[in-house]
Every structure is written in structure tokens, then in C-alpha cells.
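Reading the structure
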Amino acid sequence: MKSAARGPRLFHGWRLGVLIAVFGLRCVVNAESPPSSPAALVASPDGRTLFIACATANRVDALDLATRKVIRTTVLPSSPSGLAISVDGSRLYITCAAPASEVCIVESASGRITGTIAAGHTAMAPVLSPDGTALQVCNRFDDTVSFFDLAQRREVSRVAVPREPVAAAVTPDGQLLVVANHLHDDCANADHVAATISLIDTATRKVVREIQLPDGSGLLRGVAVSPDGKFACVTHLLARYHLPTTQIDRGWINTNALTLIDLTRRERLNTVLLDDINRGAANPWAVAWSADGRWICITHAGTHEVSVIDAAALLAKLAAARAPVEVPDDLAFLSGLRQRVDLAPGVGPRALAIVGGTVYVANYFSDSLSVFDLNSIPPRVTSIPLGSPHAPSIVREGESLWNDARICFEGWQSCSSCHSSDARVDGLNWDNMNDGLGNPKNAKSLLFAHRTPPAMWTGVREDARIAVRAGIKYILFADRPATEAVALDRYLESLQPIPSPRLVRGQLSTAAERGRILFASKATGCASCHAGPLFTNQKLYDVGTAGEFDLPDEKFDTPSLIEIWRTAPYLHDGSAATVLDVLTSANAENKHGLTRHLKPAELGDLVEYLLSL
């Protein structure tokens, strides 16, 4: 049985840099020469300096754009996940991701840290108000957005949003904050399963609208507001999860999308596909609107390119479309409106910044910047290395492959398209061919998958090693070198849990401690199946949750409970939106824990404990 002492050890590991949670990623590196992993960019107002957040090196570099040389480096207390710069360019605001994050205030000219402000769990995406008096920050795993008064250097409000806010942008008048929520927050078998865009009124600090994206939308990454403040655009995947995964061409499993929001009407204008008919554009990440409003630029982290879209032509074509529901199925909609820019040898493009007419792209896995001129299409791409080249560890190689759609037929998706970039969940049910047609299963987190065989919900794969190789063949529709599967194994084996936001200074809360005692007692029987350090006995049971698509006495794998606070929805079919649902409405027969007799307060304590693991 785990004890409450478990929390501080995890927190300590985070602070040492073993656990990098900027975007939910972990990378084991050589302490003498860590990779840079550029993950965020911001340019000085005069366009002379580009600031680069190096996620796995815990630093921010200042790059002189004239000489293309790093002129200053600021060492940070933890992984930098986002950058904002004051209107006069004198101060940087850097979110440093941790269970108890900090916003570091840095003097731009010297690189000196002049102050810090406490933030939430895995703070990211800092956004300055146009007048420079306020800062808004997404606290990813607290599901909140913090509002900071910069004069007082303190938090004045926290606004709850649905789930995992990862990107934000403010309108030019400062009145509306547009927040992209990474995942949906409902059960997976609902009629409409999709993440949302939260619109927050910055004066009242209240959510004034939740804009739901098309069914299957998730894994949101980037958001940008047009220079005139009339539109916002958001990058995301558009999963065809209702279909069996029998083919991959023409976006049968996953498509990659950009949604336009009409900010005047506060409604979705339309959603367009970023793929071509015979070529996917996997894993759209960052998006930026050029200052003149002419171009929308999008990084594709899976296919290692940038889409450059004619913004005016796109808006005109959308205005002429008869109905929003028609466009998300049109793989040719952007034909003639978009140029796909290959960034090779850049690998893993994530952040981007447009400085004048020049695009700078941060390549997370190749430790480089790609640079090209927007006024020269097709452009000539050049590269700026960040540090000395070095051979990646096998774990780093595996993480890169996990996010790489080049190992997939026609580049439609990567492993991260169904399990996110850090091998957790997308919250959707998928009808994979492992156990036959017509019985969709919820995507499982792969944390500890190699240590808890068998694999898959019904245990049809003997272990995760076999499942990795089956996934390459039957989900990516590819035949790859054996060395790549080994690297993927090493990456997945390296994953470590992130400390729960329910912990109090790294310890179980008083309620969670009461829940721990309940969990271990014979009165609930929870620990008899969810046993040992990984909270699973690795056996299959009929737990009374078989649904309309399952055999009546279907047996399901006993999942590890570590980190279930971030893997909703629950059960094999994602039918339980919350852990409380698992213990109550989904447990009518007391087959997965003796919980029907528990009082509401006891149920609350047990839920608190489980969400602290």
C-alpha cells in the first residue's frame, strides 16, 4: 500500500528535472549535455531579439536576430512553459511549470530574475493585457486560469474552465480572453464528445461562453486572435472515433483541424481540415496571425512543417459556405489557400513567432529554429542550431518517434494522436481491431503499461511490448525498423507520474488520508484488486460494467490507479465521467469495490484519496 510519503518523493523528482511537465512530457537526458527542447518563443517589440524557452534545459535564451547568436541565458527554477513580454520590452514573464509553478519576472536587458509570483499546477501560456497591467496564466492541471495584478505582483482571481487549459490569447481591446481546453470533460459515450473554447470576460473574470467544437474534437494546442479582434482560431484534432479503425487513408481515423471563432457573435464560425486528400498534416500545435492580418501560420508537430494560410481568402470562402457542418469533411477546402512549408531537418515544430515578415519556428526534438520569409512563397527555409549537436538518448529518440507522423502511412497521425504527446489519453472511445469489430474501448494511459501486463482492456495483448508493435502495424499502417519499436518501448518505460493537484504540499489531505484507510479496509475491498505499489493485481474480472457492445460476462483488465486524476473518463467504455460515478452509478452490483453502503462523506473521502494518487 502506498503511504502519504509518496507525494514528496514525486515532487522532489519534478524539481530535479526528472519529470518535465511543460506539455505533459518527460525526457531522461544526459545531465552534462541536456537537449534544449525549445517550446515557446516571444520576440522583443523592436524585433531585434527572440526569447526562447528551453523546456528540458530549464533556461531561456535571448537570440540576437541580426547575428543569430545567443547573447544571454537565464537559468530558471523549473521548466519554462511559456513567455510574454511587456509592451516596452523591458520585462519578460516566464511561466515555470511545476506542481507549484512560478511566474518569473525577468529584466530583458540583463536576463536577471527580479521577482516571482506563485501560480498553479503546471502553469503555461502567459498572456499580458494590452495595457500591460495584468497577466493571465493557464494552470493546466488545476483546470483554472489565474489573473495577476502586476503592480502588486499577486494573484487576484482564479477562473475555473472545463479541462486542462493549455493556450490562451487576448483580444486587442483586452476585453476577452480566449482559452483552449486540451480535452473534453464528459463521458466518452455521450451523443457529442468534444473539447471546448472558454471565453472569459477580463473585467468580470467570468466565463461568458463555452464554445463546443465539432464532435470528436480534442487535443487542442494553440489559439490566436486576429489583429482586428474579430476572430480567433484554434488548432486541434478531429477524430473519427465512431468508425472502426480498418483503414487510415483520407482521414478515416484522425483528421487535423483549425476552428475559426467569430468573437463578435461569440460562436463557432467553422472548422476546416488542414490535411490534403492523400496526405495528412498530423498534430497541429501552435498558431499565429501575422500583424497585418494577411497570414495564419500553423505548426504541424507530427509532419514537421508549417501551414501558411491566406487569412482573407479563407474567411471569404467560409462566409460563402452554406453551413458549418459541411466544411469539416472537406479535405480539399484549403486547396489554393494554403502553402505547406517543409521544415527539414527541423523535427517536432511546436512554438512559432512571426517577426515582421519572418517566421521563426521552435523545433522541440532537433534543438533548432527554422526560419523563412512569409513574402517569399515557396520560401527558402534556413536553420539555427541551439547548442552543439549531440546524439539523442534512446528515450529521447522514442519520445520523438511517439510524436512523429512520418512513421505513419501518409502522415495522418502519430502515436500521440490518440494518447496525447505524453502517452496519456485523448478521452475518446476507439473501435480498434484488437478484439473484433463493434466494441469500442476508451483510450488508456500508457503510464506503467510495460510493468502491468496484459495490455488492452480485455488483455488481448500479452504485454505492452507486443501492443507497441501491433500499434505500428495496425494503427499507423506501417512496417518500420525493429529499432524504432525498441525506442518506443524505452520511452514508455521511462514515464513517471505527475504529482496530483489534490496533494497538499506533497502530502495527502486530511480527507484523502481518511479515504486511504477506507480504500485499504475490508469494508470496501478496493485494495484486494488494486494492490501493490502500482495499485493493480494485473488480473481480469467481470466487474458488472459490460455494456451494449460487450459480451454479457466480459472480463476487463484491472487498471493501475496511479494518476487517475488526469485520465478521465473512466471504465473500459468511458461511460463514467468522474471517479464518483465509478463508485456509485456504475457500481450497482458492488462488483468493483463494496461502495454501495458508503455514506456521502465517506464516498467523498475515498474519491479524494483516489484523485491524489
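The structure this text deals with has already been given above.
Basis of the calculations
- Residues numbered from 1 in each chain as written.
- Predicted model: local features only at pLDDT ≥ 70, side-chain atom pairs only at ≥ 80, totals over all residues.
- Heavy atoms only, no water.
- Helix = DSSP H or I, 4+ residues; strand = E, 2+ residues; numbered from the N terminus.
- Buried < 20%, exposed > 50% of the residue type's maximum accessible area, 1.4 Å probe, protein only.
- Polar contact = N/O pair within 3.5 Å; in protein donor to acceptor, adjacent residues only side chain to side chain.
- Contact = heavy atoms within 4.5 Å.
- Expected span 1.5 Å × (residues − 1).
- Pairing = 2+ DSSP bridges.
- Salt bridge = Lys/Arg side-chain N within 4 Å of Asp/Glu carboxyl O.

**With respect to the side chain of T271**
Mapped onto the fold, T271 is located in strand 21 (residues 267–273). On the basis of relative accessible area, T271 is assigned to the buried category, the value being 0%. Among the polar contacts made by the side chain of T271, one reaches the side chain of T259 at a distance of 2.6 Å. In terms of polar contacts, T271 uses its side chain to reach the side chain of R268, at 3.0 Å.

**A word on helix 3 (residues 394–402)**
One turn of an α-helix holds 3.6 residues; hence residues three or four places apart share an orientation. Most of helix 3 sits inside the fold, with 7 of its 9 residues counted as buried. Regarding helix 3, the residues found buried are V395, R396, G398, E399, S400, L401 and W402. Packed against the buried residues of helix 3 are helix 4 (416–419) and helix 6 (482–494).

**Let's talk about helix 6**
Helix length check: helix 6, at 13 residues, gives a terminal C-alpha distance of 19 Å against a target of 18 Å (1.5 Å per residue), a fit within 8%. Tucked inside the fold, the buried residues of helix 6 contact helix 3 and helix 5 (464–474).

**A look at the pairing of strand 2 (residues 49–54)**
By the criterion of burial, strand 2 is predominantly enclosed, with 6 of the 6 residues buried. Both strand 1 (residues 38–43) and strand 2 contribute to a ladder of 5 bridges, which runs antiparallel. Bridge pairing in strand 2 links L41 to I52. Joining the antiparallel neighbours strand 1 and strand 2 is a turn of 5 residues, in which G47 adopts a positive phi near 75°. Direction of pairing for strand 2 relative to strand 3 (residues 59–64): antiparallel, over a ladder of 6 bridges.

**A look at the pattern of salt bridges**
Side-chain pairs of opposite charge can arise where the charged atoms are in close proximity. Per the counting criterion, the structure on display carries 27 salt bridges. For R59, the salt bridge identified is with D61, shortest N-O distance 2.9 Å. Owing to a relative accessible area of 19%, R59 belongs among the buried residues under this scheme. Its salt-bridge partner being R396, residue D367 comes within 3.4 Å of it at the nearest N-O pair. With D367 in the loop between strand 27 (358–363) and strand 28 (368–373) and R396 in helix 3, this residue pair connects regions lying 29 residues apart in the sequence. The same class applies to D367 as to R396, namely buried. Among the charged side chains, a salt-bridge network with shared partners connects D276, R279, E305, R338 and R340.

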